[in-house]
Amino acid sequence: MDREVNKSRYIVLTDINYGIELDDIESMIRLMLYSNEIEIEGLIATTSIWLKEGGTEKNRQIILDIIDAYAQVKPNLDCHAEGYPDPDKLRQITKVGIEKFGKRIGNGWGEECFNTNPGVKLIIDAVDRKDPRPVWIGVWGGTNTLAHAVWLVWKTRNNSEFNKFLSKLRVYNISDQDYASHWLRKNFGDRLFNIVSPSPANKRSYHFYENATWTGVAESYSRKDLNLRAKTGDLPKEAAIVSQGGNCSLVDHKWLKEHICNKGLLGQKYPLFTFRMEGDSPSFLYLLPDGLADPEHPNYGSWGGRYEKSKPLFWVTGTIERFPVWTDSSDSVIGFDGKVVNSPQATIFRWREAYQNDFAARMIWSKTDDYKRANHPPLVKLDHAKKLIVKSGDTVSLSAIGTIDPDGDNLTFEWIYYPEAGSFRGEIIINDKNAEKVTFIAPSIVYPVEIHIILIVKDNGTPPLFGYQRIIVSVSP
């Protein structure tokens, strides 16, 4: 029943509200269903360019209401997986951030009046805690509460202590929703681990979002399409898809109504999106210990996308970066229409069937205490190490012997070569790629390369669920 886990520590900064940021409510509900996979250490209500009046007790109460619903379904969830946190613990770590938009240092952060802010204090205390694991900050809204925590430590500790503090931070920005994120990267970007699809942090930001990796979680729609949907209740067939290539039928209102909305107490709180489903969810989907993700290596790829370290182009992001950041990078995949798509969004939507089915299954978990009435992911095992060292021309043998399904479902296997995740871009032919045991020939090379092979296991339950293992093959000449 249990998957081997190594939980990531995670703090959320969210501009959650019942207006334009309905997707934050959606993401918070999904996060509750995955709270056994991640160690949530903070849920902080913040401001943003889209919610300049946020960061209040009213916003915090929205989070608490979702936790109350989670508390009622937790006994059911406990019957399907271990590790779901005590609701009272989640309530205790739900705080307000800085109740002022992050316009510039000294105006939104970097002011002594914010030194005792509950959100700021929570971040500092979490990073200072004697725990060797880094602290991931999922920035769903503005960044000024985090920026003030960094500013306060910068001003009150010596350089060695400050560098130690920065070294434990891992930031995943859902684009830039205030100017504090720019300040952090400009001043500390050489020492701060930051995943971001940069944007100007003003009302023009929306125009740059369509270049961002995180938008691959779901498509967005034009105002005309929104008006049409208001009349029909669902997305019209002629909807203008902004992110091309993904299966839109898995992220539209019709799918959500059928599989998520009103499905138990948590589902009853799940609102239908206005512009896009769950734009913030990639920041924690990235952390799930599913055999695919490796958070310390953004270039490996996962449900939360794939990123490479570079200085993004100004015309793509509307920002000028002083230091390289982990930012948008493309995958080439076959889209839902059968055409090859090469885009940052493809690094997420290539996994869409898996993360949406998994979400639907967990919503079913929340409704029943009968393990047999729900589906659970395959337990994927390798009959060898996850890292292999071979020489050019060697036959590399891979085996999934030992993989089982906890529900006794039939399993199908697929071994895929993921060229963008490694350093080799040539062809790799996997023999009998749908078998439990496969082989391929290590390529002829003149310098060492790293090859990533992903084992994908799918069951035939309802809904079908997926499991993974990543094999990294180091090839020398």
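Sequence positions are assigned chain by chain, starting from 1 and proceeding in written order. Where local features are concerned, this predicted model is filtered to residues with pLDDT of at least 70; where side-chain atom pairs are given and counted, the filter is 80 or more; whole-chain, interface and lining totals use all residues. Side-chain measures here rest on the full set of heavy atoms in the structure, leaving out hydrogens and waters.

Visitor: Looking at this structure, I do not really get the environment of Asp23. What am I missing?
Guide: On the secondary structure map, Asp23 appears in helix 1 (residues 22-33). Contacts were defined at the residue level, with two residues in contact if any of their heavy atoms lie within 4.5 Å. Setting aside chain neighbours within four positions, we find Asp23 in contact with Arg276, Glu278, Gly279 and Asp280. Within the structure, Asp23 has its side chain in polar contact with the backbone nitrogen of Gly279 (distance 3.2 Å). Each helix corresponds to a stretch of at least 4 residues labelled H or I by DSSP, and each strand to a stretch of at least 2 residues labelled E; elements are numbered beginning at the N terminus. Here a polar contact means two N or O atoms within 3.5 Å. Within protein one must be a hydrogen donor candidate and the other an acceptor candidate, and residues neighboring in sequence count only if both atoms are side-chain atoms.

Visitor: Explain the packing of aromatic side chains to me, please; I cannot follow it from the model alone.
Guide: Given two aromatic rings, one states the distance between the centres and the angle between the planes to describe the pair. Only Phe, Tyr and Trp rings are paired, with Trp represented by its six-membered ring, and only when their centres lie within 6.5 Å; those with planes under 30 degrees apart are stacked, over 60 edge-to-face, the remainder tilted. Within the structure shown, the criterion is met by 22 aromatic pairs. Taken together through their ring pairs, the aromatic side chains of Trp136, Tyr172, Phe193, Tyr286, Tyr307 and Trp326 make up a single cluster. Look at NZ for Lys and CZ for Arg. If either is within 6 Å of the ring centre and within 35 degrees of the ring normal, a charge sits over the ring. When the ring centre of Phe193 is taken as origin, the NZ or CZ atom of Arg170, which lies over that ring, is 5.1 Å away.

Visitor: How should I be thinking about the nonpolar core in this particular structure?
Guide: Generally speaking, nonpolar side chains in soluble globular proteins are found buried as a group. Side-chain atoms within 4.5 Å link the members of a nonpolar core, which is a set of buried Ala, Val, Leu, Ile, Met, Phe, Trp, Tyr and Cys residues. Accessible area is worked out with a 1.4 Å probe on protein chains only. A residue is then buried under 20% of its type maximum, exposed over 50%, and partly exposed in between. Residues Met28, Leu31, Met32, Leu266 and Trp303 are the most contacted members of the largest nonpolar core, which totals 109 residues. When residues of this core are assigned to their parent elements, the largest contribution, nine residues, is made by helix 2 (residues 57-78). Non-local contacts of Leu266, meaning those with residues more than four positions away in its chain, are made with Ile29, Met32, Leu33, Ile66, Ala69, Tyr70, Val73 and Met363. Ile430, Ala442, Val449 and Val457 belong to the second-largest nonpolar core, a separate cluster that totals 26 residues.

Visitor: Teacher, can you tell me more about the packing of helix 5 (residues 144-156) against helix 7 (residues 180-188) here?
Guide: Each pair of packed helices gets described by two things: the angle between the helix axes and the distance between those axes. To define axes, lines are fitted to C-alpha atoms, for helices over the stretch in contact only, and angles between the resulting N-to-C directions are given on a 0 to 180 degree scale. One can describe the packing of helix 5 onto helix 7 by two numbers: an axis separation of 8 Å at closest approach and a directional angle of 35°. The two elements helix 5 and helix 7 cross, and the hand of that crossing is left-handed. Taken together, the residues of helix 7 that come into contact with helix 5 (itself represented by Asn144, Leu146, Ala147, Val150, Trp151 and Trp154) are Ala180, Trp183, Leu184 and Phe188. When the residues that make up the contact of helix 5 with helix 7 are grouped by side-chain class, the tally is nine nonpolar, one polar and no charged. Here a crossing is taken to be left-handed if its near helix is turned anticlockwise relative to the far helix by less than a right angle, and right-handed if that turn runs clockwise. Under the scheme applied, nonpolar residues are Ala, Val, Leu, Ile, Met, Phe, Trp, Tyr, Cys and Pro; charged residues are Asp, Glu, Lys and Arg; polar residues are all the others, including Gly.

Visitor: Explanation requested: a positive patch on the surface in the structure shown.
Guide: Positive charge collects at one region of the surface, where Lys52, Lys103, Arg104 and Lys203 lie side by side. Summarising the element assignment, Lys203 is placed in the loop between strand 8 (193-196) and helix 8 (205-209). Note that patches include only residues with greater than 30% relative accessible area and no salt bridge, and the join distances are 9 Å for like charges and 5 Å for nonpolar side chains (Val, Leu, Ile, Met, Phe, Trp, Tyr). Only the protein chains shown count as covering a residue, and every accessible area follows the Shrake-Rupley method with a 1.4 Å probe. The rule for a salt bridge is simple: a side-chain nitrogen of Lys or Arg has to be within 4 Å of a carboxyl oxygen of Asp or Glu. His is not counted, nor are the chain ends; Lys and Arg add positive charge and Asp and Glu add negative charge. Note on charges: their place is set at NZ of Lys, CZ of Arg, CG of Asp or CD of Glu.

Visitor: Whenever I open this one, the environment of Val341 confuses me. Can you help?
Guide: With respect to the helices and strands, the residue Val341 is situated in strand 12 (residues 340-343). We classify Val341 as buried; its relative accessible area is 14%. A C-alpha to C-alpha distance of 44 Å links Val341 and Gln92, two positions 249 residues apart in sequence.

Visitor: I'm lost on helix 5 in this one. Help?
Guide: The periodicity of an α-helix, 3.6 residues per turn, causes residues three or four places apart in sequence to face the same way. An expected span of 1.5 Å times one less than the residue number is assigned to each helix. Taking 1.5 Å as the rise per residue, helix 5 with 13 residues should run 18 Å; its terminal C-alpha atoms sit 18 Å apart, in good agreement. Most of helix 5 is tucked away, with 10 of its 13 residues classed as buried.

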